[in-house]
Every structure is written in C-alpha cells, then in structure tokens.
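Structural description and commentary
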Amino acid sequence: MPLSLWLSLAAICAMGAMSPGPSLALVLRHTLGGGRLPGMTAAIFHALGVGFYALLTVWGLGALIVRHPELFQLVTWCGAAYLAWLGIKALRAGRGGALSPDAAVTTPRQAAKEAVLVALGNPKLIIFFVALLSQFVTPEMSLLAKAIIVATAIIIDGGWYVLVAVGLSHSRVLPWLQRHAHWINRITGVLLIALALRVVAGPISF
C-alpha cells in the first residue's frame, strides 16, 4: 500500500475515533470511575471490537466488489448517506452529552467487558467501515494490504482512547474537552459530510 494512500486511511480512521460519541463516553466513564488502568483497558478492548468489524468489512467488500458490483455500489451510497447523517447530527449536537458522563466505581474487568459490548453491539460500525473502506479495498488487494488496513483501524482507535484515558487521569483534560465540545462536534460534522461526498464521488486513487 502506497504511503500516501495509507496516510489517507489513517487520517479518516483518526477522524472517526476522535468524534464524540458512545465510545468516548465509555472511556471517560471508566477512567473517571476507576483511574488510568480501567480507562486504558476500555480503550484497548474497544479497539479489538472495532478491529473485528474492520476485518469482517474488508473480507466482505472484496467478495462483494467481484460478485455483485451493483450491490456494492448501492451499499456504498447507503454508507455515504449514513456518514452525512452523522455529520449533520454532529453539527446539531452543540456541546453534546458524550463529554459529560456520570462517573461510577469500576474495574479493569468491567471496563473490558463493557468496551467489547459497546463495540460489537454497535452494528453501525459496519456501515461506517463499508463507506470508509470502499475507498481503499480492491479485488486484487493482497492479504498483507488488508491486514494493514485492519491493523491501522485497531491501532488508531486504541491509541487515541489510551491517550484520552492517560490525559484524563490528570484531570485538566476533561474540562477542556467540555469547553470545546461544540467545536469538536462542528469540525467532526464538516469532515464527515465531506467524507460522504468523497464516497459518492468514487474510490480514492493515487
């Protein structure tokens, strides 16, 4: 995979990971309720769940492109519509409640269990990955390239939320996030809508 193509993939994965939502609320809650270790545990196990969906999507997209190109195009457009809806929702969210979770006493084991459930219990991740990975997956793509895509999704998602957990353990980060939540939502919304338009325009090529 060319470096320029991988950088595009990494940037889009980072945008998805950083957007406020249930995943961020999960890591915040376990960090505030149990400290750094539960927060980091939640981050890592959530990333594994995300990686599972990314793996399913990569496998499925390759087969879909070859066998049913028209269906693939329809699924891609549906994914683009979903991304646009997420973008509009983010623009309208204002200061969004995901940055104000209720803290509760927690343990690393509870954090791991809930993180996996949040990731696997969110089938919308499949739609997100279909819209995202349709820009990168091709029928002739090698197994190594597919592995790089999945690993990128896991590492960026886990790395971001680990940083969030570590940062929140210093207590100054959450108030900053809360003060700037409306800007985070607005930037995320604009980027998601731009990504939706890019998906409709066709695959990225270099």
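Summary of the structure given here. (Residues numbered from 1 in each chain as written. Predicted model: local features only at pLDDT ≥ 70, side-chain atom pairs only at ≥ 80, totals over all residues. Heavy atoms only, no water.)

We now examine the overall build of the chain. Secondary structure assignment for the chain yields nine helices and zero strands. If you list the helices and strands of the chain from N to C, you get α-α-α-α-α-α-α-α-α. In the chain, which comprises 206 residues, the proportion classed as buried is 46%. Long-range pairs, those at least 24 residues apart, make up 91% of the contacts in the chain with a sequence separation of at least 6. For the chain, the accessible surface area stands at approximately 10,600 Å², while carbon and sulfur atoms represent 71% of it. (Helix = DSSP H or I, 4+ residues; strand = E, 2+ residues; numbered from the N terminus. Buried < 20%, exposed > 50% of the residue type's maximum accessible area, 1.4 Å probe, protein only. Contact = heavy atoms within 4.5 Å. Areas by Shrake-Rupley, 256 points an atom, 1.4 Å probe, with all protein chains shown as cover.)

This part covers the packing of aromatic side chains. According to the stated counting rule, one finds one aromatic pair in the structure shown. Aromatic pair Phe52 and Tyr53: ring centres 6.1 Å apart, planes at 45°, arrangement tilted. Taking relative accessible area as the criterion, Phe52 reaches 43% and is therefore assigned partly exposed. Judged by relative accessible area, which is 10%, Tyr53 ranks as buried. (Phe/Tyr/Trp six-rings, centres within 6.5 Å; stacked < 30°, edge-to-face > 60°.)

This part covers the environment of Ala43. Within the element layout of this structure, Ala43 appears in helix H3 (residues 36-67). On a C-alpha basis, the gap between Ala43 and Val164 in space is 8.7 Å, while along the polypeptide they are 121 residues apart.

This next bit is on the environment of Trp77. Tracing the sequence through the fold places Trp77 in helix H4 (residues 69-91). Expressed as a C-alpha distance, the spacing of Trp77 and Val200, which sit 123 residues apart in the sequence, is 6.3 Å.

Together, Phe52, Leu55, Leu56, Trp59, Leu120 and Leu143 make up a nonpolar patch on the protein surface, roughly 590 Å² of accessible area in all. It is H3 that provides the largest number of residues to the nonpolar patch, a total of four residues. With respect to the secondary-structure elements, Leu56 resides in helix H3. By relative accessible area, Leu56 is classed as partly exposed at 37%. (Patch = residues over 30% accessible without salt bridge, like charges linked within 9 Å, V, L, I, M, F, W, Y side chains within 5 Å. Salt bridge = Lys/Arg side-chain N within 4 Å of Asp/Glu carboxyl O.)

This brings us to the environment of Phe52. Looking at where Phe52 falls in the secondary structure, it is placed in helix H3. Residues Phe52 and Val150 lie 98 residues apart in sequence; the distance between their C-alpha atoms is 8.2 Å.

So, about the packing of helix H1 (residues 3-18) against helix H7 (residues 143-168). Across the interface, H1 lies against H7 with an axial gap of 9 Å and an inter-helix angle of 40°. Overall, the two elements H1 and H7 adopt an arrangement that is oblique. Read as a crossing pair, H1 and H7 show a hand that is right-handed. In this structure, H1 contributes Trp6, Leu9, Ala10, Cys13, Ala14, Ala17 and Met18 to the contact, and H7 contributes Ile148, Ile149, Thr152, Ala153, Ile156, Asp157, Trp160 and Tyr161. (Axes fitted to C-alpha atoms, helices over the stretch in contact; angles between N-to-C directions. Parallel < 35°, antiparallel > 145°, perpendicular 65-115°, else oblique. Left-handed = near helix turned anticlockwise from the far one by under 90°.)

Scope: geometric values only; no functional claims are made or implied.
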